[in-house]
Amino acid sequence: MSRKTIIALCMALLLSGCLMQPGNIEANDPYEHIRAEFSQCRAQALKMDASAREHQSVAQYHTAANLFGHCVERYSTYTTVVSADEMLEMQALSILGFIKAGDLQSAEEQLQIMRDAFPDHDLYFSDGSSFVDSIYLLLDTAPTASNNRRLLNVNPTVSAERQRRDYWLQY
């Protein structure tokens, strides 16, 4: 064999080893199926939530809230696979779904689950107000340390509406 032939064969072998199928990389990821299942669970809950919004259906809001909660519960042990931010957002959507469905007891329970799972985490609205503080105000369940409503980081409109409601409930 000539030197050129040997070099050509070596180059062909090297190049064929580099041409791997894209699926081979993912097949080695043991958590890919968990990510796919979580994405599917999340998509199903988001679809139900969108349908509830479109139809203004209390039953669908309740179903969507349950789906969000189910996704969080089912995949909460996979902290290395599913990010805490995604879990926190899904838990928040579950709380909001229960509030929209009028099931305030379930919303309170989900809020407590969220606070237990993510004690030092919060979500913030575009105006900088706190999701957790806003839900505490809406549900009237602020912890004793935050019982003074003026200390809660909530949108001024939400706070004013709550004060108006409380005023009229007194008379």
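In case you missed it, the structure is sitting above this.
Parameters at a glance
Residues numbered from 1 in each chain as written. Predicted model: local features only at pLDDT ≥ 70, side-chain atom pairs only at ≥ 80, totals over all residues. Heavy atoms only, no water. Helix = DSSP H or I, 4+ residues; strand = E, 2+ residues; numbered from the N terminus. Buried < 20%, exposed > 50% of the residue type's maximum accessible area, 1.4 Å probe, protein only. Contact = heavy atoms within 4.5 Å. Areas by Shrake-Rupley, 256 points an atom, 1.4 Å probe, with all protein chains shown as cover. Expected span 1.5 Å × (residues − 1). Polar contact = N/O pair within 3.5 Å; in protein donor to acceptor, adjacent residues only side chain to side chain. Patch = residues over 30% accessible without salt bridge, like charges linked within 9 Å, V, L, I, M, F, W, Y side chains within 5 Å. Salt bridge = Lys/Arg side-chain N within 4 Å of Asp/Glu carboxyl O. 1 Å grid on protein atoms, 1.4 Å probe; cavity = no way out; pocket = protein on both sides within 12 Å on 5 of 7 lines; lining within 4 Å. Points joined across faces, edges and corners; volume = space filled by probe spheres on them. Nonpolar A, V, L, I, M, F, W, Y, C, P; charged D, E, K, R; others polar. Core = buried A, V, L, I, M, F, W, Y, C linked by side-chain atoms within 4.5 Å.

A. Representation of the overall build of the protein chain within the structure. Of the regular secondary structure elements, the protein chain holds eight helices and zero strands. Expressed as a percentage of its 171 residues, the buried residues of the protein chain come to 30%. Counted over contacts in the protein chain with a minimum sequence separation of 6, partners at least 24 positions apart contribute 47%. With an accessible surface of roughly 11,600 Å², the protein chain has 56% of that area assigned to carbon and sulfur atoms.

B. Region of interest: helix H8 (residues 156–170). Its 15 residues give H8 an end-to-end C-alpha distance of 21 Å, which sits within 8% of 21 Å, the value for a rise of 1.5 Å per residue. For H8, the N-terminal cap is asparagine 155; the gap from its side-chain oxygen to the backbone nitrogen of threonine 157 is 2.7 Å.

C. Focus on a nonpolar patch on the surface. A cluster of nonpolar side chains, Tyr167, Trp168 and Tyr171, forms an exposed patch at the surface whose accessible area comes to about 450 Å². Structurally, tyrosine 171 is set in the segment after H8. The class for tyrosine 171 is exposed, based on a relative accessible area of 67%.

D. Region of interest: the layout of surface pockets. In this structure, the largest pocket occupies an estimated 240 Å³ of space. Lining the largest pocket are 21 residues, and of these Val72, Glu73, Ser76, Gln91 and Ile113 lie nearest its centre. Of all the secondary-structure elements, those providing two or more residues to the lining of the largest pocket are helix H4 (58–75), helix H5 (84–101) and helix H6 (104–117). When residues of the lining of the largest pocket are assigned to their parent elements, the largest contribution, six residues, is made by H4. Classifying every residue of the lining of the largest pocket by side-chain character gives eleven nonpolar, nine polar and one charged.

E. The arrangement of the nonpolar core in detail. Formed by 29 residues in total, the largest nonpolar core has its most connected members in Tyr75, Met87, Ile95, Met114 and Phe131. Mapped onto this core, the elements with two or more residues apiece are helix H3 (32–55), H4, H5, H6 and helix H7 (131–139). Considering each element in turn, this core owes the most residues, seven residues, to H4. Among residues more than four places away in sequence, those in contact with methionine 114 are Leu88, Gln91, Ala92, Ile95, Phe131 and Val132.

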